[in-house]
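# Remarks on the overall topology
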Amino acid sequence: MTFTGLAAKDLLGIRPHTADPEAHLRAAEEWLKRAHDQSPDDGVSYGYSIWGGWRPSYRETSGYIATTFFNLARHRNDPGYRERALRVCRWLLSVQNQDGSFSNPRYGDAGIVFDTGQDLFGLVRAYEETGEAAFTEGALRAADWLVKITDAQGRWTRNEHLSTAHVYNTRTAWAVLRMNMVEYSAERERVARTNLDWAVSEQQPSGFFDKCAFERGLAPFTHTIAYATRGLLESGELLKDNRYIEAAQRCADATLKHVQEDGFLPGQITIDGKSAASYSCVTGNCQFSIVWAKLFDRTGNDEYRRTVIRAMDYVMRCQDIHTTNLNIRGAIKGSQPIWGKYAPLTFPNWPAKFFVDAMLLRNRWL
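Below you will find a few notes about this structure. Every value quoted in this text rests on a predicted model; they were computed, and no experiment measured them.

### Considering the overall build of the protein
On a plain count of helices and strands, the protein comes out with 13 helices and three strands. Here the C-alpha atoms of the protein give a radius of gyration of 19 Å, agreeing with the 21 Å that 2.2 N^0.38 yields for 366 residues. Dimensions of the protein along its principal axes, counting C-alpha atoms only, are 55 × 50 × 40 Å. The buried share among the 366 residues of the protein stands at 63%. Intrachain contacts of the protein at a sequence separation of at least 6 include 67% that bridge at least 24 residues. Of the roughly 14,200 Å² of accessible surface on the protein, a fraction of 49% belongs to carbon and sulfur atoms. The average position of the 44 basic charges and that of the 43 acidic charges among the side chains of the protein differ by 2 Å.

Structural data, given as structure tokens:
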């Protein structure tokens, strides 16, 4: 399908027919496999661009997509997913920097804190699944670099995107704590807590966070707000520290209030809690649905469950699982409409990853 065709559907408000949720989940899985198969190096393609076609492997997101493949191997009882996850993780080891970090070739060879944290997820899980020393050695090198690169206060203020400290590195703290589940280090825990504490200190009365956008002064995407929220929630669970869980819940509750009856969630929200977009960053729907599903499990508050269903129904209406174009069948857009500010004109790999993760939780209730 051409950009003109996709844009016309979005402009007219035409949505693909919503089939059974399991069919939408399966379609996203198949698209993720195609994104993996597009790359000759065993990484997962960044995604499909309407104007640029399939893009090269994306190191950062390949790391956490590997964890989804591992989960699908168990859920589907399909060893093919496990084989894919291991191929991704072995490729990550092949592109890991000598100092243990991971870089984004688009920005040079220097390691990036967030990217390294996301790849750490994959390496830790690969070790847990296989016991192979190569994976734990790679994971240890990545975790050690994340400790070494901190500033005098123990914060990640260097080797960051646009040289700016970001609250959403709570997700990196979560990755470091996952490493501690394999091999404990008090220093790693100290660094994780330091960055989590800083994130909590940036939380506003609205429930949202300052310094959560990619760039200073901009209203953050729900994508990065959800990164920050999930990092706090998962870290709090691992540390058994309610301060982090409560901070995550405050942001999750504040975001929940922005979900409309049809499941639309504005793609950007200001730090004082105001909608700042007329489009949806649909990956934010998926990511927050994961958080709300986990809070439902934790609290039993049915508003979380109902909101997950609404938010994910919206995403399914934005997902085309019937088109004959395999480049986009089952994929999840960066934005709805497709020209929105978040990853415009593109079907990135990570919205599909988070869609799968969220649907595995949602479909338990159906």
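Now that the structure is up, let's keep going.
### Thoughts on the side chain of D241
If you trace the backbone, D241 turns up in the loop between helix 9 (222-239) and helix 10 (242-256). On the basis of relative accessibility, which here comes to 10%, the residue D241 falls in the buried class. One polar contact links D241 to R193, side chain to side chain, over a distance of 2.9 Å. Within the local environment of D241, its side chain forms a polar contact with the side chain of R243, the two groups lying 2.9 Å apart.

### Concerning the environment of T229
Looking at the secondary structure, you find T229 in helix 9. Judged by relative accessible area, which is 0%, T229 ranks as buried. Each C-alpha atom, one on T229 and one on D20, is 29 Å from the other, the two residues being 209 residues apart in sequence.

### Focus: the state of the cysteines
In total, this model carries zero disulfides according to the counting rule given. Cysteine C281 is unpaired, with the sulfur of C286 as its nearest cysteine sulfur at 9.1 Å.

### Description of the sheet that holds strand 2 (residues 53-54)
Overall, antiparallel pairing links the three strands, which are arranged 2-1-3 in an open sheet. Each edge of the open sheet is held by one strand with a lone partner, namely strand 2 and strand 3 (346-348). Sheet analysis places strand 1 (residues 47-49) next to strand 3, joined by three bridges and oriented antiparallel. Among the inter-strand pairings, Y48 is bridged to a residue of strand 3, identified as F347. Together, strand 1 and strand 3 form the strand contacts of helix 13 (residues 349-362), whose direction differs from that of strand 3 by roughly 55°.

### Let's talk about the side chain of S235
Here S235 lies in helix 9. You can call S235 buried: its relative accessible area is 0%. Only 2.7 Å separates the side chain of S235 from the backbone oxygen of G231, close enough to count as a polar contact. For S235, the contacting residues outside a window of four places in its chain are T170, A173, W174, L177 and L196.

### Comments concerning the packing of aromatic side chains
Each aromatic ring pair is summarised here by two numbers: the centre-to-centre distance and the angle between the ring planes. Considering all chains together, one arrives at 18 aromatic pairs under this definition. Plain terms: the ring middles of Y46 and Y58 are 5.0 Å apart, the flat faces sit at 55° to each other, and that makes the pair tilted. Residue Y46 is located in the loop between helix 2 (21-37) and strand 1, and its partner Y58 is located in the loop between strand 2 and helix 3 (59-75); the two are separated by twelve residues in the primary sequence. Both residues of the pair, Y46 and Y58, count as buried. Aromatic pair F221 and Y342: ring centres 4.9 Å apart, planes at 65°, arrangement edge-to-face. Of this pair, F221 sits in the loop between helix 8 (186-201) and helix 9 while Y342 sits in the loop between helix 12 (302-318) and strand 3, and the two are 121 residues apart along the sequence. What makes F221 buried here is its relative accessible area of 14%. Among the residues examined, Y342 registers a relative accessible area of 5% and is labelled buried. Through a chain of ring-to-ring contacts, three or more aromatic side chains come together here, namely Y64, F114, Y168, F214, F221, Y227, Y342 and F354.

Here is what the cut-offs are and how they apply
- Residues numbered from 1 in each chain as written.
- Predicted model: local features only at pLDDT ≥ 70, side-chain atom pairs only at ≥ 80, totals over all residues.
- Heavy atoms only, no water.
- Helix = DSSP H or I, 4+ residues; strand = E, 2+ residues; numbered from the N terminus.
- Rg over C-alpha atoms; globule rule 2.2 N^0.38 Å.
- Buried < 20%, exposed > 50% of the residue type's maximum accessible area, 1.4 Å probe, protein only.
- Contact = heavy atoms within 4.5 Å.
- Areas by Shrake-Rupley, 256 points an atom, 1.4 Å probe, with all protein chains shown as cover.
- Lys, Arg positive; Asp, Glu negative; His and termini not counted.
- Charge placed at Lys NZ, Arg CZ, Asp CG, Glu CD.
- Polar contact = N/O pair within 3.5 Å; in protein donor to acceptor, adjacent residues only side chain to side chain.
- Disulfide = S-S within 2.5 Å.
- Pairing = 2+ DSSP bridges.
- Axes fitted to C-alpha atoms, helices over the stretch in contact; angles between N-to-C directions.
- Phe/Tyr/Trp six-rings, centres within 6.5 Å; stacked < 30°, edge-to-face > 60°.

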